[in-house]
Structure formats: C-alpha cells, structure tokens
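Report on the structure
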Amino acid sequence: MVKEEKEIANRPDNTAFTQQRLPAWQPMLSAGIVIPGFVLIGLAFIGIGVALFVTSRSITVLEIDYTGIEKDSACFKCSNADVKNCVCNLEFSIDSLFEGPVFFYYGLSNYFQNYRKYAASRDDEQLSGDLDAFTAPSDSCSPYDYNGNDKPIVPCGAIANSMFNDTFVLYRVVNGANKLVPLDGKGIAWWTDYNVKFRNPSVTPLKNAFNNTVKPIFWPKPAYQLDASDPANNGFINQDFLVWMRRAALPDFRKLYRRITDGEYAKGLPAGNYSLTIAYNYPVQSFEGRKKVVFSNVSWMGGKNEFLGIAYLVVGSLCVLMSIVMLIVYAKFKFPEED
Amino acid sequence: MKSFLCFRWGRYADNLVRSYKYSPLTFLPLTLFEQFQRAANLYFLLMVVMQCVPVISSIPFYITIFPLLIVLSVRGLKDLVNDMARRRSDSEMNSRPCDVLDSQSFSRAQWKDVCVGDVLRIHKDQVIPADLLLLCSSEPHSLCYVETADIDGESNLKFRQALSATHNQLTSHPSEETLAAFDGVVLCEEPNNRLYTFRGQMHWRGESLLLDNEHILLRGTVLRNTEFAYGLTIYTGADSKILRNCGKLTVKRTRMERVFNQVVIGIILSVLLAALLLAIGAGVFSSWVMSHTGPTSALVINGNPVYTGFLIFWSYIILLSPAMPISLYISFEVIHTVHSLFIGWDMEMYWQQDNRPAQARNTSLNEELGQVGYLLSDKTGTLTQNRLLFRQCCIAGEVYGDASSKAEDTEPMDLSWNPFSCGGLFMSAPSLVQKLRGQQCPISCQFLRALSVCHTVMAEWKEEAPVYQAASPDEEALVGAARELGWVFLSRTRDFIVVSELGVTREYRLLALLDFTSHRRRMSVLVREPEGGLKLYCKGADLVILERLQKDCLHQERTERALELFSQACLRTLCVAVRSVPEASWEQWSKTLDQSATMVTSDRDALLEKLYDQMEIDLQLIGVTAIEDRLQEGVPETIALLQQAGLKVWVLTGDKKETAVNIGYSCKLLDPDTRLLEWQELRHILQSPDPGVTFFKVRQTELWAVDKQAAEAKTALVLTGPELAEFDQRPEWGATFMRLAEQCQSVLCCRVTPGQKADIVSLVRKHTRSVTMSIGDGANDVNMIKTAHVGVGLAGVEGGQAVQNADFALSQFRFLQRLLLVHGRWSYRRISFFLRYFLFKTCGFALVHIWFGFFNGFSAQSLYETWFIGLYSVFYTAFPVMCLAFFEQDVNAESSLKWPELYRSGQRQELSTYDFQTMAVTVAMAATFTANVEISLVTRYWTRLNVAAVCVSVVMFFICSRITHSTRLFKASPMDYFFLGASDRAFIDPLVWLTALLTTWTAVLPSMTALAINVILNMHDKHKVHSASSQPVELRSRLRRGASLRRSSYALSQGAGPGRLISSGTCIRSTVPTVDEQVTADNNSTDSQLQINMKNNIDAPNHA
C-alpha cells in the first residue's frame, strides 16, 4: 500500500481549481442580446438625460457681473485700484417669485485656485490650531510665511492671503424704501471643515494666540476680527474663511456667500426691485478676472447643470444610433448566408 | 600524504558546493542591484528621488515608493526563497557520505571534507564526490564502469581503467596500507570545463606516467558493476569538471516581453513629450501671470517663467509616472508562475506509468506556447518510443513472427523451459523455438549465437538475472531476444564472453572487437569457440553486409525478399552474418593489429579501418533481424492536430533518410500523396535567378504538369546533413529556402548532427518571425532545445539531459497538443488581454492630468488625492485583472482541442482610458468604475473568484476612500490626509454618481462597441465552437503509399561504439599474456558462483 502511494506521489490533485474547471458563467453574447442591450442602455441614458435636463430647467439662476469694466456699470467707479473703500449699488428686479430657498453665491472667473503652488500654499497644522505652527509656519506657505520683519503670518499662505473680501448687503426696494433682506451665513461651510479640519487654538481670548504674529498682507483686519457681529465666528472657523479655503476645481467658480431662508423670504424672493450694496474691495482686473453675484435655488441634483443632462442625452442617442447601425450590419451579414 | 598535498590546500577549491547567491550580509545590496537593472524599477526610483525635491514634487514621495517597495520586496522574497532552497540542496549534497583514507584505514566523512590529495574509496552505485584519478579497483585490470547520465545524458556504461603501474602496485593485500603508502605526485592541467579530455602526469617511483581522460572518474558520475574503486582526488568543488560546466543559462525572453519593453519606451517618450508641451504651456501661463498682478503672481518661482516651465516639466514627469505600469513586471511573473503551476497540475498531462507530471521548468515562456509556428522535432525517442521490440526475423530465408498484429496482441510463447526468460519478446514463432530446442537446425543456433556474442552490451546481475546495459536500444533488444530464446548472455570479462546456450554455459574467448562507427555501419566480434574454432560474427546494415557476402551465398534471394517485407512493415532491419576464420590469416592479421597499437591515433584509426575491412569479407549470411521502432502513443493524431492548428512540423533526425521518411508517413506528417522534393530539385530552385517565383513556376510547369492532381498535392522537403552543410557556403539561400519551406507541408532533415539541428533552428528563427519550438529527448537534442524560442524535453529512455535543458518537460509527445492548444492558447490570450487592459488602466489614469493641466494653469496639480494614486493600481483594480489572467477561457479545453484552427490567432499575433475635492473623488470613482467595467467586458469566463474580485475592488475603493478621508487619520497627520470629509459628501451626492456613471459609460463605449460589432460579425464561429457536438478528430487512412523502400538502419550510437574500451586489453595490448582462469563451467552455474569466479580475477597476478 505504501509503495502504491509512493508511485502516484507526483500525481496532480484532481480538483476543479487545478484542472481549470472551476464552475464559471460564460456570457454568450449574440446579436440578439447585444443590439437590444444597446437600445436599452441608450434609452435609459436618454431617460436620465431628460430627467436631468428638466430638473436643471426648473432651477432659476440670476447672475449679475459687477466687475465694473463697462462704463455704464454701477461699479465702474470702483474698478480703479486706487479707489479705497469703494461702495457701489447694484439695482436689479425680479419679475416673478424667485423660489426658495435661495442661495447667494459670489463668483470669480479666470481665477486659478487649482494652481498647484497656490493650492499647496497653506499650513494645515497651523489651520488645525497648532500653536507651534503659529510661530514657525510651514515652508509651503512661502513667500507668504513671514513678513518683511520676519514675523510669522497667521494664517499663512497664498490662499488665505488672497481671501475674498467683498461684502454684500441686499435690500428689497418697497415703495422706494430699502428694506433689508436678512442673509443667513451659518452652516455654509462643510461640517468636517468647521468641526474637525479647522480649529482655533484653545486660548482665550483668541486674540492672545495671535501674539507675535501678523495678519496676512492683503487683509484689512486680523483673523480674530473677521466677524465683528458674532465673536464665535472668528479665527479659522469663520464661515467665509472656510468657504474660501475650500479650493475650487476649475478657474471659473462660484462660492456660497449666504442663504436667504429667514422669515418672509423662506419661500423665495418675491417679485420686485432689489438693491445690492457692494463693498468693493477685491481687485480682479489686474489678472483679467471677473466678479459676479449669483442667486440660485437648488434641486435634488444641486445647482443648475444643463451640461450633464445634455451629455446623457447625447450618449444615450449615440447608443441607440449605434444599435441601429449594428442592426443594419447584422442584417447584411446574416441574410446572405441564409439564402 | 594528505598533509603533503594538502598543506597548500588554499590553492585548491574545497569540495563545498555553493550554488546559493546571497549571504545574510550581501542579500540586500545584491538583490537591489539586480532589480534596479530593470528599466521600470530604475525609472520609479528616479521618480522617488525627484519627488523628494520639494520644488518639483507634484505628489508626495511615499505614493510612488509604496508600490515600488511592494514590487521590490515581492521579487526579493522570491529570490530569497529560491536561494534558501538552493542552500538546502547544497547542504544535502555537501553532507553526503564518502570513505576517505585516514592514515591506515578508511573512515566515513562527508563530501565537504574531501580535499585535493585525499584517497577515496567509492562503493558500487555510489556517486563520485570529486574528480578522481583512478588508482585501482576491485575489478580485473582495475577496470571500472561509470554511468554518466548526469553529465552527458547517455545511459550506457562507460569504462575507466587505472594505470597498470598503480594497478599492479596497489592491489596487493591489505589495500589500505599500500594505498596509505602511495606517494606519487600528480601534475595536472588547470581546472577547466572540458569533460572529455584530461592531460596530466604522475611521478611515482622515479617513473613519469602520462594520464588521460581514461584514468579519471568525474564528479557526479555513478560507479556501476564495480565493487570498489580507489581514487586520488585531483579536482574538488568548484574546480571539478562538472561544476566548471554549469555555465550560466541564457535567459530566454518572450516576444511578449519584447513588446512590453517597446511599450515601456513608447510610454516614456509620450510622457516626455506631454510633459514638454505642458511645461511650455506652464511657461506661457507663468509669463502671463507675471504680467498681471493676481493672487498667484508671487508664486512664479524666482519670477522666471522659463525656470518655472523647467521645473513644471519635471513635476509633470512625476505626475504622469503612474502611466508607467511598474507592477506589470511583477504581475507578469505571478501570472507566469500560476500558468506554470496549471501546467504541472494538469491531470491530462500526468504520466502515471512513470509517476511524472508535466513540468514548466522555465516559468516565463507560457504565452509563447500559444504562438508557435514551427515545431522542430527529434525522431528517435520523441516521435518513436525508443523502445525497440524484436518482432520478426528471417533465418536462412525462413521468416518467423508476424508484425502485422500489434505488439501487445502477440500471442505469448511458452518459454517456461528457459529459466532466464523474463518476458519482453513480442514475437510468436513456436516453430523456431521447436527447431532451437530440438537442435535440429544449426543455422538457427548460429543466428542466436551471433546475437548473443556480437555486441557491446554489459551484463549486470540483479536478483539472479542478468540486466543488460547497452549503448544502443537496438543491441539491448537483440541480446534480450536471444536471451528469451535460450541463448543467454551471462557476463563478459575483458577476454571472455560467457553465454548460456539452452542451459549449457559456454565461454567464447574474445580475440578482437571490430567496433561500430557510423561510417562502417557494422560491427563484428572475432571469437575462439570453446571447441577451438575461430569465428567472426558480424551484424550491420543490409547494404554493407550484402556486399561482403561470399559468392553464391545461400538464401540470399529469399532473405532480400524478407528485407523488403520487413521494410514495408516499418521495421528496422539488420543483417547477421558469420565467417569461419582460418588460423593462419588470424595470426597474420593479429600481428598487424599489434603493430597498430604503437601508432599515432590518427594513423591508427585509418589502419584499423583497413584491417577491419580485410577481416570482414567472405561472409556467410545467416539471417535478418527486424525490430519495431514503436511510435509513441498518439503521435499521428497529435501531428495531424498540430498541422490543422497551422503549425509546421519538421523532423530533424540523425537517422537515415529512408527511416525518417517512413516514420514521416507512419506518423501522418506526410500524406500518402505528398510529393517529396529532394536536394537536386531544391538546389535547382535555389540557384534559379528569381527563386521567389520559381517554386510556383516549377509547380505549374515541368514538375507539376505531369499530374494535374499532383499540382494541388502537398509537398515535403527531404534533406540530409551533408546537403545542409552547403548552406554554410551559401548564406543567401537561407531566406529562399525558408520561403519555399513555408509552402511545404513538412521538412525532413536526416543524418544531421546535433550542431546542425541547432543550425536549422537558427535558420528558421532568422528568416521567419514565427516562434519556434524544439522537442527532443536525448543529449543530442540539447543544442536545438536551447536554440529554439521554446524547448521541450521528453523525459524518456535517453537520460535526463534534454529535460535538464528544456523549458518544458513532458512525458509523452501527445501531451504536446494539450500544452500548445490548451495551455498555450489560454496563456497567450490571458496575457494579451492582461497587457492591453493594464495599459488601458494606467494610461487612462495618468492622461486625466493632461486634460486637467488646461484648467489649472499647467501647474502640475494632481487631480487625485495622493492616496488614491497609491492605492488605485494595487487595491482598486488589480484583483479582477489578475483573476482574468488566471482563469480566462474563451472556449474550454475540449473545444480548444476540437478546433485547432483557433490556435492560429496566436501565430498571427492578433491580440496585442465643483469643488476640487469632490471633483477629485468623482473622477477617482469614475476611474475605478471604468477600470472594473472594462475588465468585466473582457472577461468571458466568470468564475466565483472573478465575481468576488470585481466586487472586492469596487468595495475596496469605497472603504479605503472613507479610511483615508477619515477624521482619525486627518488628526494623526493633517498634511497627508487633507481630503477629510470629501468622500462623505461626495458619496451621497447624486450628481457625483451620475457624473461617474456617465464618464464610465463614455469611457467604455468604444470598447463596448468594438465588442458588440465583433459579436455580430463572429457570431457564427463562436456559436459553432460552443455548441458543436463532440466528435473525435477523424484521421485519414495512411495506407496508400508509393514504392516501398527498404529500411535498414543501424543506430548503434551517435559516435563510435564503446568497443575499444571493452577490448582495450586485447586489441591494443594483446601482447600482454594473461593467465587463463579455470572457470568451472558448470551447467547449473549460479549467480553467486559466477561472482566468485570473477572475484578471483582480483587476485590473479598480472605480468605487465
């Protein structure tokens, strides 16, 4: 018996795996499956496309450019970089109810927040409240890490330095009188950014943490004085700061400024005339940029995005078209053989 | 003496074998050095170094070093495991026991303790531990026998003999003392790798004695048929000849690997070009930014756009580096290894008889198996079994036996009267047995006596029966047949051949052995019969023997008719003849022979040949033997199948043209109506001014117009070795010849030397782009096995040399169909798809950055999160493609064999993409989906593992993204995990999903369409394969054939026969009078008695 076992010692195992006979599903593709498959997928895509397109169409967007390049523009007087603390009023009217909740964005174009050097120009340790990084900012912030007197800049880096600082006040013109529209600036930043990623140093008052540091060069006020109205909305967890620090993916972008959700405006902006008072501080003409304000409502799919719907429609139609071509090819190849 | 020679032992290598490469200290540097010789590894190391430069680092260095480390460590681990195995086998070999002379007695030591100058005692069947100078042995005249199968693959025994001086002085009693007193000084040449030559001198007792190869026992050979041999160690360990021969194996590279290297170069060039264009873009953008004050203006490095562009160039090279498939090499290796395992695991290629599974010795050539265009096969032992069976004979014109029935169906004869019979005779001829036993027919007895006396076979006694050791299987078959019929060859000493004739032991004194050479094609023995008569027994090829017969030889006509008959049955024939030699002519002849002993070798050979010719005249024809050279099982079916698969099968053999052509017919290589184009016609075509078209012209006109039907017939080329030699002078013929050969059904090359076999393979490799495969079983095939793209060794009768050098080892020729048509085809398809998909995956992954460059000012900003780059190729996309590469089967094994045409695709080589962080996650998701959908499209064979792999990959993406974007990791290192919360938001955003879905579908749309159109166009073929009912491959009858040819062949051995060594005592030094031992010729002499008699030889004094 032992000898017998030895004789077949090298005999391979007869298992499904070693014999490459694992049970398997072999998709048997045939014209009968492929062509209807293409038609079905095409139709599904067209369906999604139509849904997206219709949804997108239902979204109202109001975009107003206030860069002030054109002479007739309300903000033309502010477009000169030498004018300081310029304020301009933008008048506009809404014909019918602008359904709410209305989101108020500011938009910038030709602005490369995704430029690698720019994107890297920040110190995540500093922004998470590490006091060591206050006194010694990371090299990545260079050349916005120390000022001319070798004092550390907090927050350091190009992103923080270039923070958008135009401010807006919206009035509804009722019988010639300006009535303030309340803007909600809470919760416009990501939850993780506000609660985890950006932390103020646990020093009270907050001002003391910033001893021996200087504010970013472009900033009019230090970080602990960003919001005078709400002491809690200061430092690195200031909502506007957080929104700015979340970089845009593409050079034309818009960022959420405020939400219009309060009281009588919860259902939207009623039809009528409005006046937007803009504190025009942010220079964009030097790099051929544009500034705009955007009012928009949202749907389940977010903001207005007609491209996606159209893309779905195009791809869907392409599939259907191809299935027709395939059908013709199939017919041509099949029928001569049957004769 | 040991101290005398060993005090300077430092000069010599010790006998330790160190085949391992690494020591604990050198492992790391050596393995790194080896691995960075690969372009891709070096490229990635360069990337890691560049990523450490902060100004250009577009992605952190640990992202690239992560896969690089995996690749390096997997490879390093593999090398380490192999090295450990080598260490183990080394230590096993180094600790083998041997007997070393230690002052007065032999003591047991290990191989590693053997030093130069030691005297060793080697026992029977022991492996020799070092190169030894044979001092003396237990056999008469200090002859000893060694088996050199491990060295040259020849399984026959070789003879070695000690110097007569040492033999005479050292064989006295007790041997230990005399050996210990031995104080000779041996001068030998520097260690070298020449196995068959040795030159040296021994100074002993004032004499200077010349040493040559005959006195040397090489390490690795095995002592046989000799009780003891005593040897002086001259080369140890690394100095020994066999280890000097362990040259480096040239690594065969597959065509796929070459394609891959081209692709790598292509990728590098594309990356460089893309980086250059993007860098120019960056320069232009920087100068624009410089001229406009903005948030990014101060970030232009040094305020110099050109310098920025220069740095961006390097940054993009880093960013685009994931296009280089670094893990491809390692994946390749893993896939190859698994494919090789599958080959070894295949039950259908397991040969139960020898307990031997198929073996992929070179694990990197699997896909080449799917592309073979030319199969060059050896004949003997490959197409044929090399098991020769004595099937028929013709004695005095009378034919015995019947070869029309299969060997297994032959009715066994009752041979119980013969105590030595042990089966193995597949001939039924009771009438012959009756004649023999009745002793009525002296010519029949003479025939069998000739068979039992005239040979160079050695007998070894095992379990009271002689076991024959023969240089050629022909001889073994003949002596074996004689044994079955009562003429039992019992043993041979230098001077005597002992034969038991129907139970009566007779001794024939061997006077001369006229050895076989390929030129003479015959051999003879001159013996003195116990009765005193001188007889010359001769056997040889029919043509040679027939021209040396007496005039008016009896039975000649009937015998020639028998020859015709045997050849039609595809049997190998030998003529057997005898001559009574007059005493006077012998005396004169032997004098001349003695004189020749003193002559220079070259002159002596010429003289000997002349002398032999003089002796082999006036022969009297006794009969003809007919031996069946059996085809291996399934050979015709396999060849037919391979030809259907589009392979060209060539046969390269050392055998005769006639034999080769006949085997060609019988194994379906040639159809009965195949026209054989021989050298004359071929030469005519090759010499014509426009050979390219002449072949077709020839086909249409003179040669082919004769028979209209033949015009469509197949052609085969038949060449012989000397004719092939002409190619050396006319290298321009090569291309023409190959074009011609492509039109032919087959090419048969006969009478070719091992060197020529390799030349033919080189010729095919040079002039076609096809993959060549050589298959053979013997040492003579080693050269061609090494030369071809893929070498297959058959583990057969001829020793293990072919297998040692082959890439794949099989037990049966018919397993080739499975190896090529199933494993080869699958491997090729799997690896093609794998390579294509891999490039799709990595290039698509990296190309996104070129597109994104246009939106970020060409700043080399990475679109992906850094961790995604690191994990993408390893965790998110690797498993399904590996499963594809392991399990993919478009058609199953049975269909692959049933439709060999499917193989052709391989021969034609037919088989050969918001918010910043949310966007990053979206694109990453799309990339992962795309990669996984694409693999799902390619996979046609969905095993559970495939399904699991695809699911695991996609799930891994979501899990790993959540992990790398998690709060915990962010808190640990905010700089590395700054994508905090990105996936949490992205994965619940319908827009992200919709975008990813659209992108995925758009990305796979082209391949989807291609697949669909392919399905529509090829629907009928595929359907056929999958649904066809199983019918066996039908083979056409082979019986219709032209004029039958006489097939007589005498394939004794490739070179000169071993006769000279056997008879060295008589032929060369026959002046030495030896004392005749009185052998007690007992009828009932048993094994033990014979052994005693032979032992007496040791003590017999020898007057040298």
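Residues numbered from 1 in each chain as written. Chains lettered and ligands numbered in written order. Predicted model: local features only at pLDDT ≥ 70, side-chain atom pairs only at ≥ 80, totals over all residues. Heavy atoms only, no water.

1. Thoughts on the overall build of chain A
Note the cut-off: Each helix is a run of H or I in the DSSP string that is no shorter than four residues. Each strand is a run of E no shorter than two, and both are numbered from the N terminus. Atoms counted for the radius of gyration: C-alpha only. Globule rule: 2.2 Å times residue count to the power 0.38. For each residue, the accessible area found with a 1.4 Å probe, counting protein chains only, is set against the maximum for its type, and the residue is called buried under 20%, exposed over 50%, and partly exposed in between. The contact definition used throughout considers only heavy atoms, calling two residues in contact when any of these lie within 4.5 Å. Accessibility throughout is a Shrake-Rupley quantity obtained with a 1.4 Å probe, and a residue counts as covered only by protein chains that appear here.
A count of helical and extended segments in chain A gives ten helices and eleven strands. The globule rule puts the C-alpha radius of gyration for 339 residues at 20 Å, and the 30 Å found for chain A is more than 25% above it. Judged by the C-alpha coordinates and their principal axes, chain A covers about 95 × 65 × 40 Å. A total of 339 residues make up chain A; the buried ones form 46% of that total. Sequence separation of at least 24 residues holds for 78% of the intrachain contacts in chain A that already meet a minimum separation of 6. Of the roughly 16,600 Å² of accessible surface on chain A, a fraction of 57% belongs to carbon and sulfur atoms.

2. Here we look at the overall build of chain B
When helices and strands are counted, chain B shows 41 helices and 33 strands. The buried share among the 1104 residues of chain B stands at 58%. With the model as given, the accessible surface of chain B reaches about 45,500 Å², and the carbon-plus-sulfur share is 57%.

3. Regarding the sheet that holds strand E11 (residues 290-297) of chain A
Residues and elements named next belong to chain A. The line we're drawing: Here, any two strands with at least 2 DSSP bridges between them count as paired. Axes here refer to lines fitted to C-alpha atoms; in helices the fit is confined to the stretch in contact. Angles between the N-to-C directions go from 0 to 180 degrees.
The strand order E2-E11-E5-E8 describes an open sheet built from four strands, whose pairing is antiparallel. Looking along the sheet, the strands with just one partner apiece sit at the ends: strand E2 (61-65) and strand E8 (253-260). If you compare each strand with its neighbour and ignore which way they point, the axes differ by 20 degrees on average. Pairing between E2 and E11: five bridges, direction antiparallel. Within E11, the residue paired with Leu 62 across the bridge is Phe 295.

4. Topic: the side chain of B:His823
Formally: What qualifies as a polar contact is a pair of N or O atoms within 3.5 Å, subject to a donor-acceptor requirement within protein and to the restriction that residues adjacent in sequence count only when both atoms come from side chains.
Take B:His823: it is sitting in helix H29 (residues 815-853). When its relative accessible area of 5% is taken as the criterion, B:His823 is described as buried. In terms of polar contacts, B:His823 uses its side chain to reach the side chain of B:Asp346, at 2.6 Å. Aside from chain neighbours lying at most four places away, what touches B:His823 is A:Gln20, B:Phe342, B:Ile343, B:Asp346, B:Met349 and B:Arg818.

5. Topic: the UniProt feature "active site" (unreviewed entry) in chain B
Residues and elements named next belong to chain B. For the record, the criterion: UniProt positions are given in the numbering used here, feature names are shortened, and annotations may be inferred rather than shown by experiment.
Residues given the UniProt feature "active site" (unreviewed entry) here are Asp 378. Relative to the helices and strands, Asp 378 is located in strand E14 (residues 372-378). For Asp 378, a relative accessible area of 3% corresponds to the buried category. When residues no more than four places from it in sequence are discounted, the contact partners of Asp 378 are Leu 383, Leu 652, Lys 757, Ile 775, Gly 776, Asp 777, Asp 781 and Met 784.

6. Some points on the UniProt feature "binding site: Mg(2+)" (unreviewed entry) in chain B
All names here are of chain B. Sites flagged by UniProt as "binding site: Mg(2+)" (unreviewed entry) map to Asp 378, Thr 380, Asp 777 and Asp 781. What stands out for the annotated residues spanning 404 residues is how close their C-alpha atoms remain, the widest pair being 10.4 Å apart. In terms of polar contacts, Asp 378 uses its side chain to reach the side chain of Thr 382, at 3.2 Å. Here Thr 380 is to be found in the loop between E14 and strand E15 (384-395).

7. Focus: the pairing of strand E6 (residues 167-174) of chain A
Residues and elements named next belong to chain A. Inspection of the sheet shows E6 paired to strand E10 (residues 272-280) by seven bridges, in the antiparallel sense. Looking at E10, one finds that Arg 172 is bridged to Tyr 274. Where E6 lies against strand E7 (residues 177-180), four bridges are found, and the strand directions are antiparallel. Looking across to E7, one finds that Val 174 is bridged to Ala 177. Counted along the chain from E6 to the antiparallel partner E7, the turn is two residues long, and its residue Asn 175 has a positive phi close to 55 degrees.

8. So, the UniProt feature "transmembrane region" (unreviewed entry) in chain A
Residue and element names in this part refer to chain A. Here, the residues flagged by UniProt with the feature "transmembrane region" (unreviewed entry) are residues 33-54 and 310-331. Along residues 33-54 the backbone is 100% helical and 0% strand, and the end-to-end C-alpha distance reaches 31 Å. Secondary structure within residues 310-331 divides into 100% helix and 0% strand; the distance between the first and last C-alpha atoms comes to 31 Å.

9. Concerning the interface of chain A and chain B
Definition in use: The quantity reported as buried area is the accessible area (1.4 Å probe) lost by two parts once they are put together, taken as the sum for both. We define a salt bridge as a contact between a side-chain nitrogen of Lys or Arg and a carboxyl oxygen of Asp or Glu at a distance within 4 Å.
Every contact between the two is made by 80 residues of chain A and, on the other side, 87 residues of chain B. Both faces combined, the contact of chain A with chain B buries some 7,400 Å², and carbon together with sulfur accounts for 66% of it. Of all residues in chain A, A:Gln20, A:Tyr115 and A:Arg116 bury the most surface against chain B, accounting for 12% of the area lost on that side. Applying the counting criterion to the chain A and chain B interface returns one salt bridge. Inspection of the chain A/chain B interface yields ten residue pairs in polar contact (both at pLDDT 80 or more).

10. So, the pairing of strand E18 (residues 465-469) of chain B
Each regular strand shows side chains that alternate between the opposite faces of the sheet. All names here are of chain B. Inspection of the sheet shows strand E17 (residues 458-462) paired to E18 by five bridges, in the antiparallel sense. Pairing of Met 458 across the sheet is with Gln 469, part of E18. Here E17 folds back onto E18, and the loop between the two strands holds two residues, one of which, Glu 463, carries a positive phi near 50 degrees.

11. Describing the sheet that holds E14(B)
Whenever strands of a sheet pair, they do so through backbone hydrogen bonds, lying parallel or antiparallel. All names here are of chain B. A sheet is described by the order of its strands in space; here nine strands give the open sequence E13-E32-E31-E30-E14-E26-E29-E28-E27, paired in mixed fashion. Looking at which strands have only one partner, the edges of the open sheet turn out to be strand E13 (359-360) and strand E27 (675-677). Inspection of the sheet shows strand E31 (residues 790-794) paired to strand E32 (residues 808-810) by three bridges, in the parallel sense. Each bridged residue has a counterpart across the sheet, and for Val 792 the counterpart in E32 is Phe 808.

12. Considering helix H12 (residues 430-438) of chain B
Residue and element names in this part refer to chain B. Under the convention used in this document: What the arc covers is the set of directions going from the helix axis to the C-beta atoms.
Along H12, the positions that sit buried rather than exposed are Leu 432, Val 433 and Leu 436. Looking straight down H12, one finds that the buried residues subtend no more than 100 degrees of arc, so they occupy a single side. Exposed residues on H12 whose side chains face more than 90 degrees from its buried face are Pro 430 and Gln 434. Just beyond H12, the residue with positive phi is Gln 439, at close to 55 degrees.

13. Concerning a nonpolar patch on the surface
For clarity, the threshold we go by: Surface patches are drawn from residues lacking salt bridges whose relative accessible area is over 30%; two like charges belong together within 9 Å, two nonpolar side chains (Val, Leu, Ile, Met, Phe, Trp, Tyr) within 5 Å.
On the surface, B:Leu273, B:Leu276, B:Leu277, B:Ile280 and B:Val284 cluster together into a nonpolar patch covering about 490 Å² of accessible area. Take B:Leu277: it is sitting in helix H9 (residues 255-291).

14. Regarding the side chain of B:Asn94
Residues and elements named next belong to chain B. Structurally, Asn 94 can be placed in helix H4 (residues 61-94). Overall, the relative accessible area of 5% leaves Asn 94 in the buried class. When near neighbours in sequence (up to four residues on either side) are disregarded, Asn 94 contacts Asn 15, Leu 16, Val 17, Gln 110, Trp 111 and Lys 112.

15. Overview of the nonpolar core
How we decide: Note on terminology: a nonpolar core comprises buried Ala, Val, Leu, Ile, Met, Phe, Trp, Tyr and Cys residues joined through side-chain atoms within 4.5 Å.
With 155 residues, the main nonpolar core has A:Phe168, A:Trp244, A:Leu269 and A:Phe295 as its most contacted residues. At twelve residues, H29(B) tops the list of elements feeding residues into this core. Core analysis: the second largest hydrophobic core is formed by 55 residues, B:Leu388, B:Leu425, B:Leu451 and B:Val578 among them.

16. Section: the pattern of salt bridges
Residue and element names in this part refer to chain B. Tallying each qualifying case throughout the model produces 38 salt bridges over all chains. Lys 535 is the partner of Glu 529 in a salt bridge, and the nearest nitrogen-oxygen pair spans 3.5 Å. You can call Glu 529 buried: its relative accessible area is 10%. A residue is classified by how much of its surface remains accessible, and Lys 535, at 14% relative accessible area, is buried.

17. Points about the confidence of the model for chain A
Regions with low pLDDT carry predicted coordinates that are not meant to be interpreted in detail. Spelled out, the test is: A residue's pLDDT is the confidence the predictor assigns to it, expressed on a 0 to 100 scale.
Averaged over all residues, the pLDDT of chain A is 86; the fraction at 70 or higher stands at 96%. Considering only residues more than four positions removed or in separate chains, one finds that residues 1-5 of chain A, a stretch of pLDDT under 50, has zero contacts.

18. Details of unusual backbone geometry
With omega at 5 degrees, the peptide bond leading from A:Ser142 into A:Pro143 counts as cis. Residue placement: A:Pro143 occurs in the loop between helix H5 (131-135) and helix H6 (158-161). Cis geometry is adopted by the peptide bond preceding A:Pro205, which originates at A:Thr204 and carries an omega value of -10 degrees. For A:Pro205, the location among the structural elements is in the loop between helix H7 (191-197) and helix H8 (206-209). For B:Asp125, which is not a glycine, the phi torsion comes out positive at approximately 65 degrees. Residue class for B:Asp125 comes out partly exposed when judged on its relative accessible area of 40%. Despite not being glycine, B:Phe858 has its phi angle at roughly 50 degrees, a positive value. Inspection of the secondary structure puts B:Phe858 in the loop between H29 and helix H30 (866-876).

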